Amino acid sequence: MSVTPIRLLGDPVLRNPAAPVVDFDAELRQLVADLTETMFEAGGAGLAAPQLGVGLRVFTWFVDGEVGHLVNPDVSPVGEETEEAPEGCLSIPGFRFDCRRHLHVVASGWNMHGEPVGVEGSHLLARAVQHETDHLDGVLFVDRLDADARAAALAAIEQAEWAGMAEYLPVLPPVVKASPH
Ligand code: ZN
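Criteria and cut-off values
Residues numbered from 1 in each chain as written. Predicted model: local features only at pLDDT ≥ 70, side-chain atom pairs only at ≥ 80, totals over all residues. Heavy atoms only, no water. Helix = DSSP H or I, 4+ residues; strand = E, 2+ residues; numbered from the N terminus. Rg over C-alpha atoms; globule rule 2.2 N^0.38 Å. Buried < 20%, exposed > 50% of the residue type's maximum accessible area, 1.4 Å probe, protein only. Contact = heavy atoms within 4.5 Å. Areas by Shrake-Rupley, 256 points an atom, 1.4 Å probe, with all protein chains shown as cover. Lys, Arg positive; Asp, Glu negative; His and termini not counted. Charge placed at Lys NZ, Arg CZ, Asp CG, Glu CD. Patch = residues over 30% accessible without salt bridge, like charges linked within 9 Å, V, L, I, M, F, W, Y side chains within 5 Å. Salt bridge = Lys/Arg side-chain N within 4 Å of Asp/Glu carboxyl O. Donors = N, O, S within 2.8 Å, 3.2 Å for Na, K, Ca; no water. Pairing = 2+ DSSP bridges. Axes fitted to C-alpha atoms, helices over the stretch in contact; angles between N-to-C directions.

Draft legend 1. Here's a closer look at the overall build of the chain. For the chain, the helix and strand inventory stands at three helices and nine strands. Of the regular secondary structure in the chain, the N- to C-terminal order runs β-α-β-β-β-β-β-β-β-α-α-β. For a compact globule of 181 residues, the expected C-alpha radius of gyration is about 16 Å, and the chain comes in at 16 Å, within 12% of that figure. Counting the 181 residues in the chain, one finds 43% classified as buried. Restricting the contact set of the chain to residue pairs at least 6 apart, pairs at least 24 apart contribute 66%. When the accessible surface of the chain is totalled, it reaches about 9,400 Å², and 54% of it is carbon and sulfur. Here the chain contributes 11 positive and 27 negative side-chain charges, whose respective centroids are spaced 5 Å apart.

Next comes the structure, spelled out in structure tokens:
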């Protein structure tokens, strides 16, 4: 397993819809391991393959002490209830904005061994599943904010130290770019 640099807002890979997984092979199991380890190191509640630069429909989560992953997920809301709560993203480090999500969801898909699996969750787990599934469609949580909140969020993000960088390694200090002479 290895900790892998996380792609940041502005990297085109975060905007490309990811492709379904076809081969449930050793490479997929390595991807799940890398996602899991990088998510732990970064202290995130979830991580999707495009955030590591891999355009496949795979994500992991770590919520309430439970770690999981889902391949080729199909997510549906359960009921009509929604919840607005602070949300963040490892590809937009250092920011949290209130975001409205379905309160309950059910998701089906496959595990890394190609076995059908499902997950049903509420609150933070439901939020993580929706957030990570969005990543597979090239959608970031700031896209879910209403127009005013989104404009304010993007203006704040533009001032971030990492803005304009393509990636960061969660366990290492930020790279200081030498200015050209
Ligand atoms: Zn995210």
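There's more to say after this.
Draft legend 2. Main features of a negative patch on the surface. Taken together, the side chains of Glu-84, Asp-98, Asp-146 and Asp-148 present a region of like negative charge at the surface. Structurally, the position occupied by Asp-148 is in helix α3 (residues 147–158). Given the relative accessible area of 66%, Asp-148 is considered exposed.

Draft legend 3. Representation of unusual backbone geometry within the structure. The phi dihedral of Asp-64 is positive, around 55°, even though this residue is not glycine. According to the relative accessible area criterion, Asp-64 is exposed, its value standing at 72%. One non-glycine residue with positive phi stands out, namely His-123, at about 50°. Note on placement: His-123 falls in helix α2 (residues 123–136). A relative accessible area of 43% places His-123 in the partly exposed class.

Draft legend 4. Region of interest: the coordination of the zinc ion. Looking at the zinc ion, the protein donor atoms are Cys-89 (SG), His-131 (NE2) and His-135 (NE2), and they sit 2.0 to 2.2 Å from it. Mapping the donors of the zinc ion onto the primary sequence yields the spacing C-x41-H-x3-H. Taken as a pair, Cys-89 in the loop between β5 (82–88) and β6 (96–102) and His-135 in helix α2 lie far apart in primary sequence, 46 residues in all. Classification of Cys-89 as buried rests on a relative accessible area of 8%.

Draft legend 5. The sheet that holds strand β2 (residues 46–48), seen in detail. Pairing in this open sheet of five strands is antiparallel, and the strands run β2-β3-β4-β7-β8 from one edge to the other. Taken across any chain shown, the strands that pair with only one partner, and hence form the sheet edges, are β2 and β8 (116–122). Looking at each pair of strands side by side, their axes are set apart by 40° on average, direction ignored. Against the sheet, helix α1 (residues 26–42) contacts β2, β3 (58–63) and β4 (66–77), and its axis sits at roughly 35° relative to β3. Seen against the sheet, α2 touches β2, β3, β4, β7 (104–110) and β8 and runs at an angle of roughly 160° to β3.

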